[in-house]
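Summary of structural features
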Amino acid sequence: MKITEIVINERGVWRNLHLRLPSSEMSVFYGPNEAGKTTLMKFVREMLFGFDAHKTTGEVAAGSITLSTEDGDYVIRRTRDNETYLTGPDGAPAGPDKIDELLSGVDENVFQNIFAIGIGELQELSTLHEREVADRIYGLTLGPRSKRILEALEFCELELQELADDDGKRGKLIELFERHDRLQSQLKQLDGVKQEYIRLANQRKISQEEISEIQSRQSGIDSQLRGHLYMQRAWKPWRAVEECREELASLPIIESFPENGLERLQEIELELAEAAEQRDRLKTEAKALIEDSNRSDSDRAVAKYESILQGLVDHRDWIADLTVQIQGAESHRNTLSEDLAQSLRKLGGDWSTDQLEQLDTSPAAYRRLIGKGRAYQAAVARREKLKQSCKRLSNSQERRQVQLAERTRHLGVESISSGLEVAQSRLSDLETLSELKLKKRELHRRQLGIDELREHTEVRMSPPPRFYLIFWFLVGCGLISLIAGVYNGIYQQWLTGGIFAAFCLMSLALGQLAKHHFEHGVERRISQLNDVADRNREELRATREELLRLMDDDTSVDHESDTVVLELAAIRECSREIAELESLAIAEQKMERNRARLKRANDKLYQSQRDVAGARQVWQQTLTHLGLPETFDVNEAFEFWQSLVETDDLRRQGAFAELALKGHREVYDSFCRRIAEVARRMHQWDFDFEQPLTIVDHWEQQLKQLHSNRKERQRLRREAKARFRDAAEYRGFVDECKSKRAALLVQGGAANSEEFEYRANAATRRVLLEHQLEQARQDLEAAGQTETELAVTEEDLQLFDQEHNQECIELLKLEQEDLQKDLQAAYEKLGGVKREIEVLEADRQSRMLRRELEQIRREMRAAAGEWFSLQRAKQAVVQLCHEAERTHQPVVIADASRYLVQITCGKYRNIWTPLGKRHLRIEDEQGQSLAVEKLSRGTREQLFLAIRLALIHDFARNGVALPVVLDDVLVNYDEQRTTATVQALIEFASSGHQLLMFTCHRHLAEIVQSQGQEPLHLPGHDAIAEAA
Amino acid sequence: MQPFRFIHASNLLLDHQIGDRPADDSPLQSLIDDCTMVAWKQVVATAIAEEVDFLLLAGNTFDERDHSLHAQLSLVRGLEQLAEHGIDVYILPGTTDPPSAWRDAIPLPDNAFLFLSPDDSPRTVACDGTPVALIYGCLSDEFQPDSSGPNGLFSIVMRLGGAPPQPLDVSQEEMAGGEIDYWAQGTGDTRRTAYVHGTVAHHPGSPQGLCSKQTGPHGCTLVEVDASGEPTLTFVPTSPLRWESVEVAVNHETSREELFHRMKSAVGEIHGHPTDEAYLLSWRITGEGPLKDLIVDTSFREEIDDHLHETYADSEIRVCSLSAIRAVNRPYGHPTAAPSGLEAEYIEQLTNPWQETPVHAGGLFARSSLAGGKWDKHFEVLAEEIDDSAIFAKALSLGHDWFAEESPPIVSP
């Protein structure tokens, strides 16, 4: 399919463009910027696919395009309403389905991205990712073989990722590694256990040695101690026997003595002594109590003024509260004073409390102020509103006047009414002129018709040659019939001759009638026509005269351009002028109405200004009456009033606070004076009378002391009396004990207590010594039997030093205790070490860790085996992939590689797509594979152009042959590649693809020209308009 | 020469973790945890019972990376027990217990002699006051015998050996030199011996297997040297725990009861040792049939264990099924039908990779995006541990799943 003709009625900058494309396959259009190249390309696309895209932008387009196909030429015409008309080769309209058929089902996106592209589409890789296009480029519809390979590769990668991701941060193997390292680290830490064990084993050994040594020493000391103890045991009874014997020899012999005499005497003595002691003690205590009670008398002055002091003490809390209240009142008063001063400062320098006192801040005054203020505000607001209204009306009036004057001036009339009259007159003249011209043309045509009719009529005046031939034939026939009739009537039958004669007569009559008709009827008709022509000519002359008159009046009508079009244009112009003047007249009426409204508004404004002046005066009077400063700002006055009221309120509160403070102080001062008076009476001058509460506290303490002392004295006196009573009882008991003692002395044969005691002790001692002697003899025998291994002589016992022996025993015992303690400590230490060793030996952590470690190692080996197998399998699959990429590239990519080689002059040799991927790789002349993103912009555009050419080729292979439109796609190419690309495009076009290339670059047009392709210069829009 | 005898043990790896374990609730857990130490006790008991003159521990007594206190305690207690019976112990550090690990270890009793430096002089062993043997501890690759020349003593060199399947780390020349009578090797778990011109190189294996791959009995070696200086080696089992791989054949007619019977018979065929306390079994099912698929079911394995427990209820040996695998009739890489189409191309890429494409695990990692990251060390260790052929087989299997003509669509995870 080829485009042979493009007709643009209107589209962008184009109007009435008629392009007939050359018959060659490649057409290069050259035009400067904004020449409409892109518009032309878009127009082609719109002609093929419709204007839908432009309805939203408000652009309009209309035109047609002629397509040459094998079946003939088709014309697609689209109106600005996007109505589509397709005309077939036979001129008959075709259905809209035929367009799709012509486009072979290619949709607009594919056409825009592949067939009709500009630099924008060329630079975008995404334009190649449309489904259909991507399928062709990337071969996404993979065969089962490639699909299997890709699935296997994906399986490998996913499995490998499951085992260990590329960063080595996740995956089963990585987790195992981490667990392994963690356990290994824990296991390594257990190495300290071994060192600890060695240390403990050494300690255990040392402890055991220590214990052995201690035990050895203990044995020696035990032996020594046993010897000393034996001597000690034996010496004591031996010594006791000796001493008992000596003492028995020295004691007197007493026959009888009262039983328990000494105890009884001692009991009596003891009771006597105790009773005497109790008696004396009670007397002393009673005296002391009396002295104490006398000493505890307190201050007499306090006792004297006890009631007064108690009264003051009772008022102590009240006075303390009063002090706090005074402080609070002072603080409150100060705060209020500060607030008042601050408020006064805010009010202004000349405001004082005296002024505030004189100020009327009653609600009535406030209502008055509010009322007057609101009235004044309302008056001002009403005035402002009217002012705005007047201003708006004035502005509107002024604007309308200016517009009216401007439009009137633009129309060139002095006034609207006169202009309207002139225009209406002119329109009437133009209509008359037009009618006259029409009439003139009608008359002229009628004259021509009459002339023509007359000519025809004159031509018909001379009968045609056939007429005379027929006439004379009829005359001949009549004569022959006459001769035949005469002959028949004479010689044969009369009837037959009569018939022949009648036929003769009829022929002669017909000929005569025809001759008369042609010769006399035409003359009459010509005469009539001449009359009509004369009348018509006269009327035409009159019309022309009227026309000339009117034309002389209307200078705007060109005498030379006597065309209906111009007349109609003039009528339209005049009608438009009339319409405009009529609208101006309406506007003028509106302006008049507006002016009246403005006048009424101005009157109202004047009235409102007077109202405002009155309200202002009343407002000022109110302010003056209330004692407020003059101001026109009502809100400010209100705020000031509010401040004044608040300040006055503060003043009042301050006054009340002052009064309260004064009352509190008077009470307080009275209390202080009373305290001073009491102190003066008590002659107590050392007090600080500025602190009355302290004095009261002091007196309170004194009062408490007074009460306490009083109670104590009473108690002491009661106790002293009780003591005196007890002392009297003990005195009687002492006398009784003395009587008992005298009786007992007599019984014991003693004169006094000392003698009685001597005699009693001697008797008792003798019995005791005899018993001890017996016991010592038994002990001595027992001691000799305990240590059979040891022997002791009398001499040893005599030389025995008990103290020395005791010291030795004690020393040995101490040493034994020390050794025992050491032994105990050593045993404890050894036990601790053994326990620690047992704990270490029982520790199974190492084993558990190693068991877990072994398990992890086993899992690691299994996972690693899988990982290595997958790696190896992946290598093989990747090789299969590369093989598939080398041998199973889509045909479009192969074609594109060929074009790219040609366009880049061999710099880039191959394009390929990784299997299953939607991106392109390009190999340069060194065989290095590059991604599209790594290419320069120019090379990338060359790559995309090559792909598009290949795609178009591929479409053509599948029966889709659409024209290709390239809009300045070579702008980013260098000179060498531009030339190479132009050659490639020429070859591409020569293979049967229609190629329309637009450019604004002269050098490109020259290159194309140098390649034998004559570029077409796009016509200027002005020229087209002129032609139209 | 006065006859004498000694125990040669190595690879005790005391308290080392056991690789393949049954479920956590298994009653064998305690035995599994202590099996290496039980084996060591068995070595000690053997030394005492056999009244040996000394004991050789030829490397890898423990693994220092385990940081195990119990390992060293167990060792020390065993040594103390031996000391009570006057048995000296000669210890050579190994790869898992380098000299530095011994320096930081718990102090050993006086009957333990360590070769911690290449400069350590050989130790002379006396029997009833008469020197009978000279023991060298060789920590370097090259062994230099004592320059004083032959002294009539039985020469023993303790040296680490290569791990299987490498041969013993003693060259033919060294063995043929005749200066050394007994090369005591120590690395690896497999027992092996070499004789050259009357010289013996021996590695007793490990006293206890540590994973399911180390099947069969493990123990130490009792070496008896007669008056002519001829050593006689006797295997002494010490392991309480044995891994065994048991193969059972099934067919389409095999019933469940019959399968159980075959399994019991297969277990019964295991040659037991007095030290055996438990068998951990890995079943390998060959043939075809419905039971072959059933065997991989965990509950079925539990059923097997129940049957075996009933059978061995009276025995002191406990039995546990660790795993069961179906023997693959068509191993990867050997398809029954030649692959075609995409699968063939895949195999072509897999078997004939491009020049720079790595095929071994280390290379695969080096080419990956993770290389140069923080996990390099882990991947390198794993690459060393994992067999390249297994990687290849798995990759081949994946390719078959993806590209075989009859394979279903690939479902990504």
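Residues numbered from 1 in each chain as written. Chains lettered and ligands numbered in written order. Predicted model: local features only at pLDDT ≥ 70, side-chain atom pairs only at ≥ 80, totals over all residues. Heavy atoms only, no water.

**A few points about the overall build of chain B**
A tally of helices and strands in chain B yields eleven helices and 15 strands. Relative to its full complement of 413 residues, chain B shows a buried share of 52%. Put simply, 66% of the contacts in chain B that link residues at least 6 apart link residues at least 24 apart. When the accessible surface of chain B is totalled, it reaches about 18,700 Å², and 49% of it is carbon and sulfur. (Helix = DSSP H or I, 4+ residues; strand = E, 2+ residues; numbered from the N terminus. Buried < 20%, exposed > 50% of the residue type's maximum accessible area, 1.4 Å probe, protein only. Contact = heavy atoms within 4.5 Å. Areas by Shrake-Rupley, 256 points an atom, 1.4 Å probe, with all protein chains shown as cover.)

**Concerning the pattern of salt bridges**
All names here are of chain A. Scanning all chains against the criterion turns up 56 salt bridges over all chains. With a shortest N-O distance of 3.2 Å, Arg741 and Glu269 are connected by a salt bridge. Linking Arg741 in helix 21 (residues 692-747) with Glu269 in helix 10 (residues 261-295), this pair joins segments that are 472 residues apart in sequence. For Arg741, a relative accessible area of 24% translates into the label partly exposed. Two residues, Glu580 and Arg576, come together in a salt bridge whose shortest N-O distance is 3.1 Å. (Salt bridge = Lys/Arg side-chain N within 4 Å of Asp/Glu carboxyl O.)

**Here we look at the sheet that holds strand 10 (residues 199-203) of chain B**
All names here are of chain B. Pairing is mixed across the open sheet formed by six strands, whose spatial order is 5-6-7-8-10-9. Both outer strands of the open sheet, strand 5 (123-127) and strand 9 (192-196), are each paired with one neighbouring strand and no more. With direction set aside, neighbouring strand axes in the sheet form an average angle of 20°. Bridge analysis of strand 9 against strand 10 gives five bridges, and the strand direction is antiparallel. Bridging across to strand 10, Ala194 finds its partner in Ala201. (Pairing = 2+ DSSP bridges. Axes fitted to C-alpha atoms, helices over the stretch in contact; angles between N-to-C directions.)

**Remarks on the interface of chain A and chain B**
The interface is formed by 59 residues belonging to chain A together with 63 residues belonging to chain B. For the pair chain A and chain B, the two sides together bury roughly 5,400 Å², of which 63% comes from carbon and sulfur. Three residues, Arg148(A), Phe868(A) and Arg872(A), lead the burial of chain A against chain B; their summed loss comes to 15% of the area buried on that side. Joining chain A to chain B, the criterion identifies six salt bridges. The salt bridge involving Arg861(A) is made with Glu385(B); its shortest N-O contact spans 3.4 Å. Where chain A touches chain B, the interface holds 16 residue pairs in polar contact (both at pLDDT 80 or more). Counting only elements with at least two residues in the side of chain A that touches chain B, the list comes to helix 7 (144-163), helix 8 (172-189), helix 9 (191-250), helix 24 (802-842) and helix 25 (845-887) of chain A. Ranked by residue count, the leading element in the side of chain A that touches chain B is helix 25 of chain A, at 24 residues. (Buried area = accessible area lost by both parts, 1.4 Å probe. Polar contact = N/O pair within 3.5 Å; in protein donor to acceptor, adjacent residues only side chain to side chain.)

**Here's the deal with the confidence of the model for chain B**
Residues and elements named next belong to chain B. Within chain B, residue pLDDT values average 81, and 85% of them lie at 70 or more. Per-element averaging of pLDDT across chain B places helix 4 (residues 172-176) at the bottom with 66 and strand 1 (residues 4-9) at the top with 93. Per the prediction output, this complex has pTM 0.50; the corresponding ipTM is 0.80. (pLDDT = per-residue confidence, 0-100.)

**Here's the deal with the sheet that holds strand 11 (residues 929-931) of chain A**
Picture the strands of a sheet paired through backbone hydrogen bonds; they go either parallel or antiparallel. Residue and element names in this part refer to chain A. Here three strands make up an open sheet; going across it, the order is 9-10-11 and the pairing antiparallel. Looking along the sheet, the strands with just one partner apiece sit at the ends: strand 9 (908-912) and strand 11. For this sheet the average axis-to-axis angle between neighbouring strands, irrespective of direction, equals 30°. Of the pairings in the sheet, the one linking strand 9 to strand 10 (residues 921-924) comprises four bridges and is antiparallel in character.

**Considering a nonpolar patch on the surface**
On the surface, Leu479(A), Leu482(A), Val486(A), Tyr487(A), Ile490(A) and Tyr491(A) cluster together into a nonpolar patch covering about 600 Å² of accessible area. Within the secondary structure, Leu482(A) sits in helix 17 (residues 465-491). (Patch = residues over 30% accessible without salt bridge, like charges linked within 9 Å, V, L, I, M, F, W, Y side chains within 5 Å.)

**Remarks on the nonpolar core**
Side chains that are nonpolar tend, in soluble globular proteins, to be buried together. Residue and element names in this part refer to chain A. By size, the foremost hydrophobic cluster in this structure holds 81 residues, and its most contacted members are Ile6 and Leu943. When residues of this core are assigned to their parent elements, the largest contribution, ten residues, is made by helix 27 (residues 937-957). Setting aside residues no more than four positions away along its own chain, Ile6 makes contact with Leu17, His18, Leu19, Leu21, Leu40, Phe43, Val44, Ser64 and Ile65. Core analysis: the second largest hydrophobic core is formed by 63 residues, Ile174, Ala864, Leu870 and Ala876 among them. (Core = buried A, V, L, I, M, F, W, Y, C linked by side-chain atoms within 4.5 Å.)

**Side note on a negative patch on the surface**
Residues and elements named next belong to chain A. Where like charges cluster on the molecular surface, the negative patch consists of Glu209, Glu210, Glu213, Glu815, Glu817, Asp818 and Asp822. Those elements that place two or more of their residues in the negative patch are helix 9 and helix 24. Considering each element in turn, the negative patch owes the most residues, four residues, to helix 24. Following the sequence through the fold, Glu209 ends up in helix 9. (Lys, Arg positive; Asp, Glu negative; His and termini not counted. Charge placed at Lys NZ, Arg CZ, Asp CG, Glu CD.)

**Concerning the packing of aromatic side chains**
Per the counting criterion, the structure on display carries 31 aromatic pairs over all chains. With centroids separated by 5.5 Å and ring planes inclined at 40°, the aromatic side chains of Phe177(A) and Trp375(B) adopt a geometry described as tilted. Residue Phe177(A) is located in helix 8, and its partner Trp375(B) is located in the loop between helix 9 (361-367) and helix 10 (376-385); the two belong to separate chains. Exposure remark for Trp375(B): the relative accessible area of 5% places this residue in the buried category. Between Trp235(A) and Phe800(A), the aromatic rings sit 5.1 Å apart at their centres with planes inclined by 45°, giving tilted as the arrangement. With Trp235(A) in helix 9 and Phe800(A) in the loop between helix 23 (794-799) and helix 24, this pair connects stretches of sequence that are 565 residues apart. Judged on exposure class, the residue Trp235(A) and its partner Phe800(A) are both buried. (Phe/Tyr/Trp six-rings, centres within 6.5 Å; stacked < 30°, edge-to-face > 60°.)

**Structural notes on the environment of Gly614(A)**
Residues and elements named next belong to chain A. If you trace the backbone, Gly614 turns up in helix 19 (residues 564-626). Residue class for Gly614 comes out partly exposed when judged on its relative accessible area of 31%. Distance from Gly614 to Ala379, taken between C-alpha atoms, is 9.1 Å for residues 235 residues apart in sequence.

**Concerning the packing of helix 9 of chain A against helix 22 (residues 753-786) of chain A**
Residues and elements named next belong to chain A. Contact pair helix 9 / helix 22: the axes reach a minimum separation of 8 Å and the direction vectors enclose 155°. Taken together, the axes of helix 9 and helix 22 are roughly antiparallel relative to one another. As for the relative orientation of helix 9 and helix 22, their crossing is left-handed in sense. Within the contact of helix 9 with helix 22, the residues separate by chemical class into 13 nonpolar, three polar and eight charged. (Parallel < 35°, antiparallel > 145°, perpendicular 65-115°, else oblique. Left-handed = near helix turned anticlockwise from the far one by under 90°. Nonpolar A, V, L, I, M, F, W, Y, C, P; charged D, E, K, R; others polar.)

**Re the packing of helix 4 (residues 108-115) of chain A against helix 27 of chain A**
Residue and element names in this part refer to chain A. Running from N to C, helix 4 and helix 27 cross one another at 130°; their axes reach a closest spacing of 9 Å. With respect to helix 27, the element helix 4 is oriented oblique. Across from Val110, Asn113, Ile114 and Phe115 in helix 4, the residues of helix 27 making contact are Arg948, Leu951, Ile952 and Phe955. Split into classes, the residues belonging to the contact of helix 4 with helix 27 amount to six nonpolar, one polar and one charged.

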